[in-house]
Amino acid sequence: MDLRELDAYLVPLLEQPAGYRPFALPIHGSYDYYGGLDTDPDELVTLLDQFVARCLRSGRLVVDERRVQPAGTLMELAMANHVVLEITGRHACHLDSHGLAYALISEAAWNACVEQGRTVPDSGAPIASPYLEEIYGDRLTDWAEPLQALTAVNAALALLDLAWRRPEFL
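Since this is a predicted model, take the numbers as computed values, not measurements.

Criteria and thresholds
- Residues numbered from 1 in each chain as written.
- Predicted model: local features only at pLDDT ≥ 70, side-chain atom pairs only at ≥ 80, totals over all residues.
- Heavy atoms only, no water.
- Helix = DSSP H or I, 4+ residues; strand = E, 2+ residues; numbered from the N terminus.
- Buried < 20%, exposed > 50% of the residue type's maximum accessible area, 1.4 Å probe, protein only.
- Polar contact = N/O pair within 3.5 Å; in protein donor to acceptor, adjacent residues only side chain to side chain.
- Contact = heavy atoms within 4.5 Å.
- Expected span 1.5 Å × (residues − 1).
- Arc of directions from axis to C-beta.
- Axes fitted to C-alpha atoms, helices over the stretch in contact; angles between N-to-C directions.
- Parallel < 35°, antiparallel > 145°, perpendicular 65-115°, else oblique.
- Nonpolar A, V, L, I, M, F, W, Y, C, P; charged D, E, K, R; others polar.
- Pairing = 2+ DSSP bridges.

## A short note on the side chain of Ser-129
With respect to the helices and strands, the residue Ser-129 is situated in the loop between helix 3 (107-117) and helix 4 (131-136). Of the residues examined, Ser-129 reaches a relative accessible area of 15% and is grouped as buried. Polar side-chain contacts of Ser-129 include one of 3.1 Å to the backbone oxygen of Phe-23. Every residue in contact with Ser-129, bar those within four places of it in the chain, is listed here: Pro-22 and Phe-23.

Here is the structure:
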């Protein structure tokens, strides 16, 4: 779906043996015409960027410094990794040995998936990610709505036999 002049959601993904999976709550913003989002600095974005900084310091987030600057926000790292992945076919950023990526979904498509996903039986079980508590701590319950929406989108994709995937260059 064309994202020009649209609001969208960015979903942080990690590559798993069975494909990409979300590992954090979605970020809402306006498409920036460069493959990412312009966002207002809110607490969700801040907590995610603090998590990225901790993982960089501890060595859990490994960045190929020949291709990507190791400092920055999750969005900057994910977008730089995306360019390298398109050119070389290999991830330049790995979190706990999993390739870092993201999905961009227009707000209209996101909302349609949320509605569709909520009709799926047993779609109320939260999306499983060992990173959610680490990123958001005991405040995860404060973001029940984005977690429920992400869970519903995940259920809708499964219902439609679609997989999470990173953006493709046009």
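## Focus on helix 1 (residues 43-58)
Along its 16 residues, helix 1 runs 22 Å from first to last C-alpha, staying within 8% of the 22 Å computed at 1.5 Å per residue. Within helix 1, the full set of buried residues consists of Leu-44, Val-45, Leu-47, Leu-48, Phe-51, Val-52 and Cys-55. All buried residues of helix 1 lie within an arc of 165 degrees about the axis, which places them on one face of the element. Taking the backbone nitrogen of Leu-44 as reference, a side-chain oxygen 3.3 Å away marks Asp-42 as the first, capping residue of helix 1. Positive backbone phi, approximately 90 degrees, marks Gly-59, located one or two places after helix 1.

## Considerations on the packing of helix 3 against helix 5 (residues 144-159)
Direction vectors running N to C along helix 3 and helix 5 enclose 80 degrees, while the axes themselves pass 7 Å from each other. Here helix 3 is positioned roughly perpendicular relative to helix 5, judged by the angle of their axes. When helix 3 is examined against helix 5, the residues Trp-110, Cys-113, Val-114, Gln-116 and Gly-117 are found in contact with a partner set consisting of Ala-149, Leu-150, Ala-152, Val-153, Ala-155, Ala-156 and Leu-159. Residues of the contact of helix 3 with helix 5, tallied by class, amount to ten nonpolar, two polar and no charged.

## Brief notes about the pairing of strand 3 (residues 27-31)
As defined by bridge partners, strand 1 (residues 7-16) adjoins strand 3 across four bridges and the pair is classed as antiparallel. Bridging from a neighbouring strand, Leu-10 pairs with Ile-27 of strand 3. Across two bridges, strand 3 lies against strand 4 (residues 37-38) in antiparallel orientation. Looking at the pairing, Tyr-31 lines up with Leu-37 of strand 4.

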